[in-house]
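In case you want the letters, here they are:
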Amino acid sequence: MSTWLKRQGFKPDITVAAFFAVVAIFFYGSILWTFYMSLTRSTLIPKYEIVGFDQYFDLFTNQRWLVSCLNMVIFGVFYMVGTLAFGTLLAVLADRRIKAESFFRTIFLYPLAVSLIITGLSWRWLLDPTTGLQALIRGIGWETFTFDWLTRPDRAIYTLVIAGIWHSAGLVMVIVLAGLRGIDNDLWKAIRMEGIPLWRAYCQVIFPGMRPVIASCVVLLMSEVIRGYDLIIAMTKGGPGISTEMPAKFAVDFYFARVNLGLASAASIMMLALSLIMLMPYFYSEFRRRS
Amino acid sequence: MRQSSGCQVREDRKFKINKNDFRKGTKMNRKCLSSTMALVGLLAASTAAFAQTVDVQQYWTSSSESKAMNTIADAYKARGGKWIDSPSADFDSTIAAAASRIAGGEPPSAVLMTPSAAMRDLASSGQLRNFDDFAAANGWQKAMAPIVWDKMNVGGHLVGLPVGIHADNWVWYSKPVFEAAGLEEPKTLDEMFAAADKLKAAGHTAFAVGGEPWQEVTILTSMIIALGGPEYWNELFIKRDPEALKSPLLPKAFELFRKVSTYTDPASPGRSWNETTNMVVTGKAGMQFMGDWARGEFLAAGQVAGKNFGCFLVPTDKPAYAIVVDIFAFPLNKDEDRIKGQTLLAETVMDPAVEAKIASVKGSVPSRLDVDTSTLDLCAVKGVKSLATPGVTVSSTYDALPGDLNGRMTDLATQFWTDPSMTVEAGVKSLGDILQTK
């Protein structure tokens, strides 16, 4: 076989070139086409007459888009900080050589295996004030217990954060745990010899050394935030009102239901720009370290 | 000779696709046979042997809706057609699926939709089949109310066929609940809110509202039409006259809209319309603002208009009836059997007997004026009467507003509904901004 390949003058470059061509056409090509569409007044069917940046002006005067962006920031910050903190805490606990570690690890990793749609639905049922947690606790006898965040426009976004953290904390736990296991035992010996308290050891010695691990988690979680769609659809459908709308849902709604291809394309391009801005610190630190 | 070899090639090609489908294989043989017969001159036999397939993209999924869709499907199958059902969960995903299928070159042969901006878009980009010939041959224009006919026509071509007519501005109420509270059917807005207060005091949810944006905006538009009547409605939403925006009616409508929100129950957010109707059906709630597709849910639960439930158009001095028309639009298809399927479906839908049946299960009013209405109930008769009275019927915002204006108004309504800190002035101003965009 290999001699046959050699006779054919097989070169890996060709395979790679084909791969890059696919990426160039379907990925960057689509981005360019989307950008083109965002400069037109296309509705259901593409129109190819360029009108300039009108759609972007429309976008930034659209209340729902502004609310969507704000929600993404709120959700993003709370979700990322919460998931990192909770996941890291679990990892640290698991790293203290507890009993039945693999049992707990499986339990906490399990939510990740559940799709976001199921996650959203379950949490929706759980938090629905008339059938879920609130009704249960009131049924037990605590009549005044109230937890109706899901139906409160000013709080509903935080229920998404709760469901999101529940879903992703296990992932962070596993990654951080792997990082912790990679710490040299000599370092731990030194820490013990110096008599440094445990929390200081983690905060000042162990975690700073695990920056690449944390950075990977941040990038993974950030991509969840930006393309956040299924969780919202299953849990709140963007409501009450427009209080839990997000950019990805905005784009999908305007592409299809509102048949406004132009505005939806502008929203997609802005999402791309937002992702790049949010990832900038990461790239910056990566490049700086290499040079 | 040439004919038969052509037939052979065609069969081979199809055979590859349907290798395992024995039934299709025999059908192919029949088709082959029939085209040979056509060669001899039996043209009629050849057309009959073509399968007439229709692939219907639709969203009628609640119990009454699916009954109505089955009525159409059964009538269609009885005429010898093959029915492929492509259901979506809701209206929006139907449009999404249809649009992407059309763009992808695999259009459905019929799409259940409304004569909205999406239909006009599809039609003006030449994606929809027109039925001008059939309309002329069968006198369809005379069979429809002029406002309905106009909605179906884009650039002078008939591009949609009406399945049934609904109206937005209905209120549904539970008779037993009203009787227990000693209430009569309200004749004015004040009476309606007085009734709501009584129901609230009696421990009922006075207004059952499903907290989805499209359900909320219906209440706002119902208030506008109740206060302004058809003439003001047309100036505000059809002509989009800037003067109409200055009317003192608008702030009042927003206030009443907010007032309704104070009568709802805590489980309202996100609840679907038919679950919400069910609250009235079961007597948990007193009233619901909803289009008359709600009637189908009462009927599906075995209830009778005038006995178990009642209906009235949102009380107003100037009677108005804001219609939403369910239509089938027919994207251009290339396969002959699919084109024939479209034709057969068009004939099925426009059959007065089928229209009457749809109306009786779904709660709509027949879109043909010549349908026998003697079997329709109290509420449907109210609708038929309104439709027949000149100057009462107007186009709902769903159908009337261009582009995504209706969507943006929906966003505004749901924002105003859920955020009590948003002032009436801000609401009116935003509505003005939306209606003034091109």
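Quick notes on the rules
Note on numbering: residues in each chain are counted from 1, in written sequence order. All chains are assigned letters beginning with A, and all ligands numbers beginning with 1, in the order in which they are written. It should be noted that, the model being predicted, local features are given only for residues of pLDDT at least 70 and side-chain atom pairs only at 80 or more, the latter also being counted only at that level, while totals for whole chains, interfaces and linings use all residues. Runs of E in the DSSP output that reach at least two residues are strands. Runs of H or I that reach at least four are helices, and both are numbered from the N terminus. Between the buried cut of 20 or more and the exposed cut of 12 or fewer other C-beta atoms within 10 Å of a residue's own C-beta lies the partly exposed class, and all C-beta atoms are placed from the backbone. This entry defines residue contacts through backbone-placed C-beta atoms, with two residues in contact when those atoms are within 7 Å. The atom set for the radius of gyration is the C-alpha atoms, and the globule formula is 2.2 Å times the number of residues raised to the power 0.38. Two strands pair under a simple rule: DSSP has to find at least two bridges between them. Handedness of a crossover: with both strands directed away from the viewer, a clockwise path from the first strand across the helix to the second marks it as right-handed. Under the scheme applied, nonpolar residues are Ala, Val, Leu, Ile, Met, Phe, Trp, Tyr, Cys and Pro; charged residues are Asp, Glu, Lys and Arg; polar residues are all the others, including Gly. A fitted line through C-alpha atoms represents every axis, and for helices the fit uses only the stretch in contact; the resulting angles, taken between N-to-C directions, go from 0 to 180 degrees. Every helix has an expected span of 1.5 Å times one less than the residues it contains. Orientation categories follow fixed angle ranges, with anything under 35 degrees roughly parallel, anything over 145 roughly antiparallel, 65 to 115 roughly perpendicular, and all other angles oblique. Each crossing gets its hand from how the near helix is turned against the far one by less than a right angle, where anticlockwise is left-handed and clockwise is right-handed. Scored between 0 and 100, pLDDT is the confidence that the predictor attaches to each residue. What we call a nonpolar core is a set of buried Ala, Val, Leu, Ile, Met, Phe, Trp, Tyr and Cys residues whose membership is set by joining through C-beta atoms within 7 Å.

Each helix and strand counted, chain B has 21 helices and 12 strands in total. Out of the 438 residues belonging to chain B, those deemed buried represent 50%. In chain B, the share of contacts with a sequence separation of at least 24, taken over all contacts with a separation of at least 6, comes to 76%.

In this section: the overall build of chain A. Summing up its helical and strand segments, chain A has 14 helices and zero strands in all. Ordered by position from the N terminus, the helices and strands of chain A form the series α-α-α-α-α-α-α-α-α-α-α-α-α-α. Compactness check: chain A gives a C-alpha radius of gyration of 24 Å against a globular reference of 19 Å for 291 residues, more than 25% above the reference. Dimensions of chain A, computed from C-alpha atoms along their principal axes, come out at roughly 75 × 70 × 40 Å. A buried classification covers 32% of the 291 residues belonging to chain A. Residue pairs in contact within chain A that sit at least 24 positions apart in sequence constitute 70% of those at least 6 positions apart.

All names here are of chain A. At A100, a residue that is not glycine, the phi angle is positive and equals roughly 50°. Along the polypeptide, A100 turns up in the loop between helix 4 (63-95) and helix 5 (101-113). One non-glycine residue, V259, lies in positive phi territory at about 40°. Mapped onto the elements, V259 comes out in the loop between helix 13 (247-255) and helix 14 (261-290). With 26 C-beta atoms counted inside 10 Å, the residue V259 sits in the buried group.

Residue and element names in this part refer to chain B. In this sheet, strand 2 (residues 81-87) lies alongside strand 1 (residues 52-58) in parallel orientation, the contact comprising seven bridges. Bridged to V54 within strand 2 is W83. Handedness of the strand 1-helix 4 (residues 63-78)-strand 2 crossover: right-handed.

Before going further, it helps to examine the interface of chain B and chain A. Opposite the 24 residues of chain B that make contact, chain A presents 23 residues. Of all the secondary-structure elements, those providing two or more residues to the side of chain B that touches chain A are helix 5 (91-103), helix 6 (117-124) and helix 20 (405-418) of chain B. By residue number, the principal contributor to the side of chain B that touches chain A is helix 20 of chain B, which donates six residues. Among the residues forming the side of chain B that touches chain A, the class breakdown is 10 nonpolar, nine polar and five charged.

With that settled, consider the sheet that holds strand 9 (residues 285-289) of chain B. Residues and elements named next belong to chain B. Across the sheet, four strands lie side by side as 8-9-7-10; this open sheet has mixed pairing. The open sheet has two edge strands, strand 8 (205-207) and strand 10 (309-313), and neither has a second partner. When strand polarity is set aside, the average angle formed by the axes of neighbouring strands in this sheet is 20°. Of the strand pairs in this sheet, strand 7 (residues 170-174) and strand 10 are connected by five bridges, and their pairing is antiparallel. Paired with V171 across the strands is F312, a residue of strand 10. Lying over the sheet, helix 11 (residues 189-201) contacts strand 8 and strand 9, oriented at roughly 160° with respect to strand 8.

Glancing now at helix 4 of chain A. Spanning 33 residues, helix 4 of chain A covers 47 Å between terminal C-alpha atoms, matching the ideal 48 Å at 1.5 Å per step. In the stretch just after helix 4 of chain A, R97 of chain A is the one whose phi turns positive, near 55°.

Residues and elements named next belong to chain B. Where helix 4 meets helix 16 (residues 336-349), the closest approach of the two axes is 9 Å, and the angle between their N-to-C directions is 120°. Taken together, helix 4 and helix 16 sit at an angle that is classed as oblique. Viewed along their axes, helix 4 and helix 16 form a crossing whose handedness is right-handed. Contacts from I72, A75 and Y76 in helix 4 reach L344, L345, T348 and V349 in helix 16. Here the contact of helix 4 with helix 16 is built from residues that sort into six nonpolar, one polar and no charged.

Here the focus is the confidence of the model for chain B. All names here are of chain B. For chain B, per-residue confidence averages 85 on the pLDDT scale, and residues scoring 70 or more make up 88% of the total. Confidence over residues 1-49 falls short of pLDDT 50; this stretch has 24 contacts with residues more than four positions distant or in other chains. This prediction of the complex comes with two scores: 0.79 for pTM and 0.76 for ipTM.

Moving on to the environment of A201 of chain A. Residues and elements named next belong to chain A. Along the chain, A201 turns up in helix 10 (residues 198-206). On the basis of neighbour counts, which here come to 17 C-beta atoms within 10 Å, the residue A201 falls in the partly exposed class. Along the chain, A201 and T236 lie 35 residues apart, while their C-alpha atoms are 42 Å from each other.

Attention now goes to the packing of helix 12 (residues 213-238) of chain B against helix 13 (residues 249-261) of chain B. A pair of packed helices is captured by two measures, namely the crossing angle of their axes and the spacing between those axes. Residues and elements named next belong to chain B. One can describe the packing of helix 12 onto helix 13 by two numbers: an axis separation of 7 Å at closest approach and a directional angle of 150°. When the axes of helix 12 and helix 13 are compared, the crossing they make is right-handed. On helix 13, the residues touching I219, L220, M223, I224, L227, G228 and Y232 of helix 12 are L249, K252, A253, L256, F257 and V260. Here the residues of the contact of helix 12 with helix 13 sort into 11 nonpolar, one polar and one charged.

This part is about the nonpolar core. In this structure, A267 of chain A together with W172, F328 and A329 of chain B are the most contacted members of the largest nonpolar core, which totals 174 residues. In terms of residues, this core owes the most to one element, helix 12 of chain B, which gives 12 residues. Here F328 of chain B is in contact with A110, V111, L112, G160, L161, V163, L345 and V349 of chain B, once residues within four sequence places are set aside.

This next bit is on the pairing of strand 6 (residues 160-167) of chain B. Residue and element names in this part refer to chain B. Here strand 6 lies mainly inside the structure; eight of its eight residues are buried. Relative to strand 11 (residues 321-329), strand 6 runs antiparallel, the two sharing seven bridges. Bridged to A167 within strand 11 is I323.

Moving on, we come to the environment of M69 of chain B. All names here are of chain B. Within the secondary structure, M69 is located in helix 4. Using a count of 23 C-beta atoms within 10 Å as the deciding quantity, one classes M69 as buried. C-alpha of M69 to C-alpha of G407: the two residues are 338 residues apart in sequence and 26 Å apart in space. Beyond its immediate sequence surroundings of up to four residues, M69 is in contact with Q58 and W60.

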